[in-house]
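Below, each chain spelled out in residue letters.
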Amino acid sequence: MSDEPLRVLYQDKELVAVYKPSGLLVHRTALAKGETRFTLQILRDQLGQRVYPVHRLDRPTSGILLFALTSEMASALAAQFSAQQVQKRYLAVVRGIGPEQECLDWPLREEDGRRPKAEMPEQPARTEIRRLDSVELPIAIDRYPQARYSLMETNPLTGRRHQIRRHLSRRGYPIIGDAKHGKGVHNRFFRERLDCSRLLLAAVGLSIQHPTYQATLALSAALDTDMSQLFDRFGWSGHLPENGARWQDAPLSSSSSTSL
């Protein structure tokens, strides 16, 4: 894991958005006792002040992660996430030619490891998906003479654990690099032949209503080098996102804000 500082996408006096690399945990957990680097601690040391996480990303997922810089802002942002008022955009590389556009509406049981999943109640879960591009490789993998993969845009409308991964897998289009919900033969192909061993899922867009400025802040994040190179190889470079932070409507005052 690189010791480089986190990429800051936006910062003002009350909140900061950073890019979390794949493989980095958000905070300490008993499930990864041997780890020494965590997003929360890195950012705290990088900014020289306390930070408050308001949502999370799975360890193998890269992308935009938002932190509050005050407890009041943490409460306000957490309320938006709980009320499902935050717009999220992910990019995923999946096996097969995914649906052109669809809403996956399947309830999911919590996966917290404390008791069998079958004993957990089902919770509503909805994910909008859209195929942006696809590629066919003249390589026999599994039982097919060609290997087909798609670039999917996904917008989770709820926030269940592993929701995107589980929904796409159930629909028959598992994300490449997903050790739990994916397919090993395709994961190995990407790892051994395409030099891409990570989960190919990235949170590239996030829009919130800034509680102080009373305006919508839209954040976007560029991909890591490994995913960017894969997009170039597959002819998908036109879909590469860029780093950015913009106001979708005029804020009351944004003079103290900085986008980096």
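Up top you'll find the structure we're talking about.
The structure presented is a predicted model; accordingly, all values stated were derived computationally and were not measured.

## Looking at the pattern of salt bridges
Piece 1. Scanning the model with the defined rule gives 13 salt bridges in all.
Piece 2. The closest approach of N and O atoms between E153 and R130, which form a salt bridge, is 3.1 Å. Highlighted residues: E153 in strand 10 (residues 147-156) and R130 in strand 9 (residues 126-137), separated in sequence by 23 residues.
Piece 3. Classification of R130 as partly exposed rests on a relative accessible area of 34%.
Piece 4. Residues joined by salt bridges that share partners form a network here, namely R7, R198, D224 and D226.

## As for the nonpolar core
Piece 1. By size, the foremost hydrophobic cluster in this structure holds 27 residues, and its most contacted members are V18, F67 and I175.
Piece 2. Listed by contribution, the elements that provide at least two residues to this core are strand 2 (15-20), helix 1 (39-47), strand 4 (62-68), strand 5 (87-95), helix 3 (163-171) and strand 11 (201-210).
Piece 3. Among residues more than four places away in sequence, those in contact with F67 are L15, V16, V18, T39, L40, L43, V51, Y52 and P53.
Piece 4. One finds L91, Y149, L223 and F234 within the second-largest nonpolar core, a separate group that totals 23 residues.

## Considerations on the packing of aromatic side chains
Two aromatic rings, taken as a pair, are described by how far apart their centres are and by the angle between their planes.
Piece 1. Scanning the entire structure with this criterion turns up eight aromatic pairs.
Piece 2. Here the aromatic rings of F190 and F234 are separated by 6.1 Å at their centres, their planes lie at 90°, and the arrangement is edge-to-face. Residue F190 is found in helix 4 (residues 184-193), and its partner F234 is found in helix 5 (residues 225-234); the two are separated by 44 residues along the sequence. Each member of the pair, F190 as well as F234, is classed as buried.
Piece 3. Among the aromatic residues, ring-to-ring pairing joins Y149, F189, F190, F231, F234 and W236 into one connected group.
Piece 4. The ring of Y19 has R7 sitting right over it, with the charged end atom 4.1 Å from the ring centre.

## Notes on the side chain of K20
Piece 1. For K20, the location among the structural elements is in strand 2.
Piece 2. Buried and unpaired, K20 has D224 as its nearest opposite-charge partner, separated by 8.2 Å.
Piece 3. In this structure the side chain of K20 is engaged in a polar contact, spanning 2.8 Å, whose partner is the backbone oxygen of T61.
Piece 4. Those residues in contact with K20, other than ones at most four positions away along the chain, are V26, T39, L57, D58, R59, T61, S62, G63 and L65.

The rules behind each value
Residues numbered from 1 in each chain as written. Predicted model: local features only at pLDDT ≥ 70, side-chain atom pairs only at ≥ 80, totals over all residues. Heavy atoms only, no water. Salt bridge = Lys/Arg side-chain N within 4 Å of Asp/Glu carboxyl O. Helix = DSSP H or I, 4+ residues; strand = E, 2+ residues; numbered from the N terminus. Buried < 20%, exposed > 50% of the residue type's maximum accessible area, 1.4 Å probe, protein only. Core = buried A, V, L, I, M, F, W, Y, C linked by side-chain atoms within 4.5 Å. Contact = heavy atoms within 4.5 Å. Phe/Tyr/Trp six-rings, centres within 6.5 Å; stacked < 30°, edge-to-face > 60°. Lys NZ or Arg CZ within 6 Å of the ring centre and 35° of its normal. Lys, Arg positive; Asp, Glu negative; His and termini not counted. Polar contact = N/O pair within 3.5 Å; in protein donor to acceptor, adjacent residues only side chain to side chain.

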